[in-house]
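# Examination of the molecular architecture
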Amino acid sequence: MLLENRVAIVTGSGNGIGRAIAERFAGEGAAVTIAELEEGPGKEVAESINAAGGRAMFHMTDTSDSASVKGAVEATVAEFGTVNVLVNNAAAFVFGTVETITNEDWERVFGVNVIGYANTTRECLPEFRKNGGGVIVNLASVSSFIAQPEFVPYNASKGAVAQLTRCFAMDLAKDNIRVNAICPGSIRTRATDRHIASLGLDPEESYAEFGQDSLMKRMGRPDEIASGVTFLASDESSFMTGAHIVIDGGATID
Ligand SMILES: NC(=O)c1ccc[n+]([C@@H]2O[C@H](COP(=O)([O-])OP(=O)(O)OC[C@H]3O[C@@H](n4cnc5c(N)ncnc54)[C@H](O)[C@@H]3O)[C@@H](O)[C@H]2O)c1
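Residues numbered from 1 in each chain as written. Predicted model: local features only at pLDDT ≥ 70, side-chain atom pairs only at ≥ 80, totals over all residues. Heavy atoms only, no water.

Around the ligand sit 29 residues, and of these Ile 17, Glu 36, Asn 89, Tyr 154 and Thr 189 come closest. Tyr 154 is positioned such that a nitrogen or oxygen atom in its side chain is 2.5 Å from an oxygen atom of the ligand. Between the ligand and Gly 185 there is a distance of 3.4 Å, counted from an oxygen atom to a backbone nitrogen or oxygen. Relative to its unbound accessible area of 830 Å², the ligand is 94% covered by the protein chains. (Near = heavy atom within 4 Å. Polar contact = N/O pair within 3.5 Å; in protein donor to acceptor, adjacent residues only side chain to side chain. Areas by Shrake-Rupley, 256 points an atom, 1.4 Å probe, with all protein chains shown as cover.)

Okay, the sheet that holds strand 6 (residues 177-184) next. Pairing is parallel across the open sheet formed by seven strands, whose spatial order is 3-2-1-4-5-6-7. Whereas interior strands pair on both sides, the edge strands pair on one side only; in this sheet they are strand 3 (55-60) and strand 7 (244-247). Neighbour-to-neighbour, the strand axes of this sheet turn through a mean angle of 20°, independent of strand direction. Of the strand pairs in this sheet, strand 5 (residues 134-139) and strand 6 are connected by six bridges, and their pairing is parallel. Among the inter-strand pairings, Leu 139 is bridged to a residue of strand 6, identified as Ile 182. Contacting strand 1 (7-11), strand 2 (31-36), strand 4 (85-88) and strand 5, helix 1 (residues 16-27) runs over the sheet at an angle of about 170° to strand 1. (Pairing = 2+ DSSP bridges. Helix = DSSP H or I, 4+ residues; strand = E, 2+ residues; numbered from the N terminus. Axes fitted to C-alpha atoms, helices over the stretch in contact; angles between N-to-C directions. Contact = heavy atoms within 4.5 Å.)

What follows is the structure in structure tokens.
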């Protein structure tokens, strides 16, 4: 078990990739807080982990609100004793061009995807320092380093996650806190379903097309991202910090 006796907070773990991470962590022995904005899915994930013999709790959390994040960390410490691992996964999916995006859109996407990652990190640091160290895994994206049509706000925020990961790693290494990122390619989740629907495209045709971008000719699955996150959260990656692992079936190698 790679995460035995660890306590983890996984943001946005009521759905998609976050859910797969929370379930995998619980299977590897961690106690997990489902820090999620949506009550229904968040509770359901916690209940299903507990029913399977794991340890999980739901805490309704808006990562863009520092008071809400503080509450999630306090609830985790009250229930599980401490925090050892933070996974910054919750995201706002805001797409468009420089002309179609409003200032409110910019504030929302940076509020969740960038300031949200900073809020959670800051609130976990006292527990990490008490424990003599900790681990942070940030969900970045291939969108951190490639351009995509009409993806301006989302890609700008994911580019910021890449730099935030390097800068956090540099500042926090002295406290034995490792900070790394995973960059997924196209993964089928509610977010991708919603994006396709918002463009009025046919889901099956779109998924077949996205799959063609990868050398493996398919989209990735949330559990394939959870494997990378588990590696970075565990001692298996003990000499890694400030790094990015791309998990995209080779889609962005050329
Ligand atoms: N799906 C992909 O193809 C893909 C590709 C690259 C990167 N990613 C990244 O992976 C992560 C997860 O994406 P996903 O596809 O699983 O998305 P998803 O929409 O399926 O799940 C995201 C979850 O985050 C929650 N959430 C949103 N805002 C929140 C907030 N402010 N506070 C707390 N929870 C909040 C949502 O309620 C939802 O449960 C994101 O960081 C995303 O950018 C996804």
